[in-house]
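Inside the fold
What follows is each chain in one-letter form.
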Amino acid sequence: MKGKQTIWDMVRSLAVIGVVVAGIYLFVPHDDKADPTRTVDYRVETITARRAAPYPVAAPVGLPEQWRATSVTYERKKDDAWHLGFLDPEQQYAAVEQSTDTSVKYLERVTRSATASGRTQQVGETSWERWEGEKYDALVRKEQGYVTVVTGTASFEQLGRLAAALEFKQGR
């Protein structure tokens, strides 16, 4: 009976749909307090990158388990770019970035437009340049033919902890 539907028919249909949706919501288990952050295991990618990269690839050793790895990539075609991202114990982001591209353009990209502050931070026996930005801060270490950047929303103290845990190895 086309054309004979009334507004009440539509309201009844919506009510039936609402009851079905409410039932699904109530009976499907869900945990509102669960942390949606997915952690990744970066061991295999680290081994692969260390075999392929023309520089010693940095990965942390001995970080407390509160540091959760969230992302890892190695892109040989993009200037041998190594990326390893973490959430620190304070739920701030920190990442290790390495590349054979040592240009200011690359550094600005991985630090989200941070700039050199002219200051340094001592991490162990190594001096790192401090870069400060609106979004990210960073510790930068330039070596012959590659650069290592520890960057993110984490504090300089936490970035320093990550930098101190880095082990530089090459698989060649």
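Residues numbered from 1 in each chain as written. Predicted model: local features only at pLDDT ≥ 70, side-chain atom pairs only at ≥ 80, totals over all residues. Heavy atoms only, no water.

A short note on helix H1 (residues 7-27)
Between its first and last C-alpha, H1 extends 31 Å over 21 residues, near the 30 Å set by a 1.5 Å rise per residue. With zero of 21 residues buried, H1 is to be regarded as a mostly surface element. (Helix = DSSP H or I, 4+ residues; strand = E, 2+ residues; numbered from the N terminus. Expected span 1.5 Å × (residues − 1). Buried < 20%, exposed > 50% of the residue type's maximum accessible area, 1.4 Å probe, protein only.)

Some remarks on the nonpolar core
Trp-82, Leu-84, Leu-139 and Val-150 are the most contacted members of the largest nonpolar core, which has 29 residues in total. Elements that contribute at least two residues to this core include exactly helix H2 (43-52), strand S1 (57-60), strand S2 (68-75), strand S3 (81-87), strand S4 (93-99), strand S8 (146-152) and helix H4 (156-165). Setting aside residues no more than four positions away along its own chain, Leu-84 makes contact with Tyr-42, Ala-59, Pro-60, Ser-71, Val-72, Ala-94, Ala-95 and Val-96. Ala-114, Trp-131, Val-140 and Val-149 belong to the second largest nonpolar core, which has nine residues in total. (Core = buried A, V, L, I, M, F, W, Y, C linked by side-chain atoms within 4.5 Å. Contact = heavy atoms within 4.5 Å.)

What about the layout of surface pockets?
Estimated volume of the largest pocket: approximately 310 Å³. Lining the largest pocket are 18 residues, with Ala-81, Glu-97, Tyr-106, Arg-109 and Val-110 sitting closest to its centre. Of all the secondary-structure elements, those providing two or more residues to the lining of the largest pocket are S2, S3, S4 and helix H3 (104-110). Per element, the largest residue contribution to the lining of the largest pocket is four residues, and it comes from S4. Its residues placed into classes, the lining of the largest pocket shows seven nonpolar, four polar and seven charged. (1 Å grid on protein atoms, 1.4 Å probe; cavity = no way out; pocket = protein on both sides within 12 Å on 5 of 7 lines; lining within 4 Å. Points joined across faces, edges and corners; volume = space filled by probe spheres on them. Nonpolar A, V, L, I, M, F, W, Y, C, P; charged D, E, K, R; others polar.)

Some thoughts on the environment of Trp-131
Mapping Trp-131 onto the fold places it in strand S6 (residues 126-132). For Trp-131, a relative accessible area of 5% puts it in the buried group. Separated by 16 residues in the primary sequence, Trp-131 and Thr-115 have C-alpha atoms spaced 5.0 Å apart. The residues contacting Trp-131, other than those within four sequence positions of it, are Leu-107, Thr-111, Ala-114, Thr-115, Ala-116, Ser-117, Asp-137, Ala-138, Val-140 and Phe-156. Of the polar contacts made by the side chain of Trp-131, one reaches the side chain of Glu-129; its length is 3.1 Å. (Polar contact = N/O pair within 3.5 Å; in protein donor to acceptor, adjacent residues only side chain to side chain.)

Here we look at the pattern of salt bridges
For side chains bearing opposite charge, pairing can occur when the charged atoms are close. Per the counting criterion, the structure on display carries seven salt bridges. Between Lys-78 and Glu-75 there is a salt bridge whose closest N-O contact spans 3.7 Å. (Salt bridge = Lys/Arg side-chain N within 4 Å of Asp/Glu carboxyl O.)

Observations concerning the packing of aromatic side chains
Applying the stated rule across the entire model yields four aromatic pairs. An angle of 80° between the planes, with centres 5.8 Å apart, marks the rings of Tyr-42 and Phe-86 as edge-to-face. In this pair, Tyr-42 is assigned in the loop between H1 and H2 and Phe-86 in strand S3, connecting sequence segments 44 residues apart. Residue Tyr-42 shares its accessibility class with Phe-86, and that shared class is buried. Judged by centre distance (6.1 Å) and plane angle (40°), the rings of Tyr-93 and Tyr-136 are tilted. Of this pair, Tyr-93 sits in strand S4 while Tyr-136 sits in the loop between S6 and strand S7 (137-143); the two residues are 43 residues apart in sequence, bridging distant segments of the chain. Tyr-93 gets classed as partly exposed once you look at its relative accessible area, which sits at 21%. Put simply, the rings of Tyr-42, Trp-67 and Phe-86 pair up and form one aromatic cluster. The side chain of Arg-130 reaches across the aromatic face of Phe-156, ending 3.6 Å from its centre. The cationic tip of Arg-141 hangs over the ring face of Phe-168; the distance from NZ or CZ to the ring centre is 4.4 Å. (Phe/Tyr/Trp six-rings, centres within 6.5 Å; stacked < 30°, edge-to-face > 60°. Lys NZ or Arg CZ within 6 Å of the ring centre and 35° of its normal.)

Some thoughts on the sheet that holds S8
The strands that make up a sheet are held in pairs by hydrogen bonds between backbone atoms, and each pair lies either parallel or antiparallel. Read across the sheet, seven strands follow the order S2-S3-S4-S8-S7-S6-S5 without closing on themselves; strand pairing throughout is antiparallel. With partners counted over all chains shown, the strands left at the sheet margins are S2 and strand S5 (115-123), one partner each. Geometrically, the sheet is characterised by an average inter-axis angle of 20° between neighbouring strands, direction not taken into account. Where S6 meets S7, three bridges bridge the pair, whose relative direction is antiparallel. Bridged to Glu-129 within S7 is Val-140. Those strands touched by H4 are S3, S4, S5, S6, S7 and S8, and its axis lies near 35° from that of S7. (Pairing = 2+ DSSP bridges. Axes fitted to C-alpha atoms, helices over the stretch in contact; angles between N-to-C directions.)

Geometry only, nothing functional implied.
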